[in-house]
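Fold and geometry: a report
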Amino acid sequence: MSRIVDIALDDTGLPTPSPEIEQERRVAIFDLLEANTFALPPRDDRDVPPGPYRLELSIRERRLVFDITDAELGAAGAFHLSLGPFRQVVKDYFQICESYFDAVKTMPPSQIETIDMARRGIHNEGARVLQERLDGKADVDIDTARRLFTLICVLHFGG
């Protein structure tokens, strides 16, 4: 039961995303809800609900906010992460995605594949950074981290 069953992005005040960004968002949320691993580690000072969890992601005061509730909407946890460690990898990811979207329109498959491999590499780096930043706060597998990184990028796009 240590999984996310509902996810919301608080994009209040953010610009309307491009169709490509909106598609990335929809796919990441769908994939995340289909299969994920998300657990809150035990704490000495309080009980931690075992899940399933509802997660709201937002950016407030230049910090990434994870607001987690249990199935009955009781508070399960909340934490804020500095966006600093994500800035460069998010920037790199947006640049390579832009190249990828442009390449799909005009380049041969071999060049598209090369750009896509680079895009996946940067995406994996973002997931790794997220796993490091979540250490001690939440346990996630690499696929969950990848999908959450996509959602961070969606929020970063507007922030």
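Conventions used here
Residues numbered from 1 in each chain as written. Predicted model: local features only at pLDDT ≥ 70, side-chain atom pairs only at ≥ 80, totals over all residues. Heavy atoms only, no water. Phe/Tyr/Trp six-rings, centres within 6.5 Å; stacked < 30°, edge-to-face > 60°. Helix = DSSP H or I, 4+ residues; strand = E, 2+ residues; numbered from the N terminus. Buried < 20%, exposed > 50% of the residue type's maximum accessible area, 1.4 Å probe, protein only. Lys NZ or Arg CZ within 6 Å of the ring centre and 35° of its normal. pLDDT = per-residue confidence, 0-100. Pairing = 2+ DSSP bridges. Axes fitted to C-alpha atoms, helices over the stretch in contact; angles between N-to-C directions. Core = buried A, V, L, I, M, F, W, Y, C linked by side-chain atoms within 4.5 Å. Contact = heavy atoms within 4.5 Å. Expected span 1.5 Å × (residues − 1). Arc of directions from axis to C-beta.

**Quick word on the packing of aromatic side chains**
Evaluated as defined, the whole model comprises 4 aromatic pairs. Geometrically, the ring pair formed by Tyr 93 and Phe 149 is edge-to-face, given 5.7 Å between the ring centres and 70 degrees between the ring planes. Of the two residues, Tyr 93 sits in helix 2 (residues 84-106) while Phe 149 sits in helix 4 (residues 142-158), which places them 56 residues apart along the sequence. The exposure classification of Tyr 93 matches that of Phe 149, with both residues buried. Taking the ring centre of Tyr 100 as reference, the NZ or CZ of Arg 119 above it sits at 4.6 Å.

**Observations regarding the confidence of the model for the chain**
Caution is warranted with low-pLDDT regions, since their predicted coordinates should not be read in detail. Chain-level pLDDT for the chain is 90 on average; 97% of the residues reach the 70-or-more range. Across the chain, the element-wise mean pLDDT spans from 88 in helix 4 up to 95 in strand 6 (residues 139-140).

**Some remarks on unusual backbone geometry**
One non-glycine residue with positive phi stands out, namely Glu 61, at about 50 degrees. For Glu 61, the position within the fold is in the loop between strand 3 (53-60) and strand 4 (63-70). Given a relative accessible area of 77%, Glu 61 falls into the exposed group. Here the phi dihedral of Arg 62 falls at roughly 60 degrees; this positive angle occurs in a residue that is not glycine. Its place among the elements puts Arg 62 in the loop between strand 3 and strand 4. Residue Arg 62 is classed as exposed on the basis of its relative accessible area, which comes to 67%.

**Side note on the sheet that holds strand 1 (residues 4-10)**
Spatial ordering of the open sheet is given by 1-3-4-5, a layout of 4 strands whose pairing is mixed. Pairing within the sheet leaves two strands with one partner each, and these edge strands are strand 1 and strand 5 (75-82). Going from strand to strand, the sheet's axes swing by 15 degrees on average, the running direction of each strand aside. For strand 4 and strand 5, the ladder comprises 7 bridges, and the chain directions are antiparallel. In the sheet register, Val 65 faces strand 5, and the bridge partner there is His 80.

**Some thoughts on the nonpolar core**
Soluble globular proteins tend to pack their nonpolar side chains together in the buried interior. One finds Ile 7, Leu 57, Phe 66, Ile 68, Leu 130 and Leu 148 to be the most contacted residues of the largest nonpolar core, which totals 44 residues. The set of elements that each furnish at least two residues to this core consists of strand 1, helix 1 (19-34), strand 3, strand 4, strand 5, helix 2, helix 3 (109-134) and helix 4. Every residue in contact with Leu 148, bar those within four places of it in the chain, is listed here: Ile 7, Leu 32, Leu 55, Leu 57, Phe 66, Leu 130 and Val 140.

**So, the environment of Gln 111**
For Gln 111, the location among the structural elements is in helix 3. Residue Gln 111 is classed as partly exposed on the basis of its relative accessible area, which comes to 39%. Residues Gln 111 and Tyr 100 lie 11 residues apart in sequence; the distance between their C-alpha atoms is 9.4 Å.

**Remarks on helix 1**
Look at helix 1: 23 Å from first C-alpha to last across 16 residues, which is about the 22 Å you get at 1.5 Å a residue. For helix 1, the full list of buried residues reads Ile 21, Arg 25, Ala 28, Ile 29 and Leu 32. Looking straight down helix 1, one finds that the buried residues subtend no more than 95 degrees of arc, so they occupy a single side. Among the exposed residues of helix 1, those pointing more than 90 degrees away from its buried face are Pro 19, Phe 30 and Glu 34.

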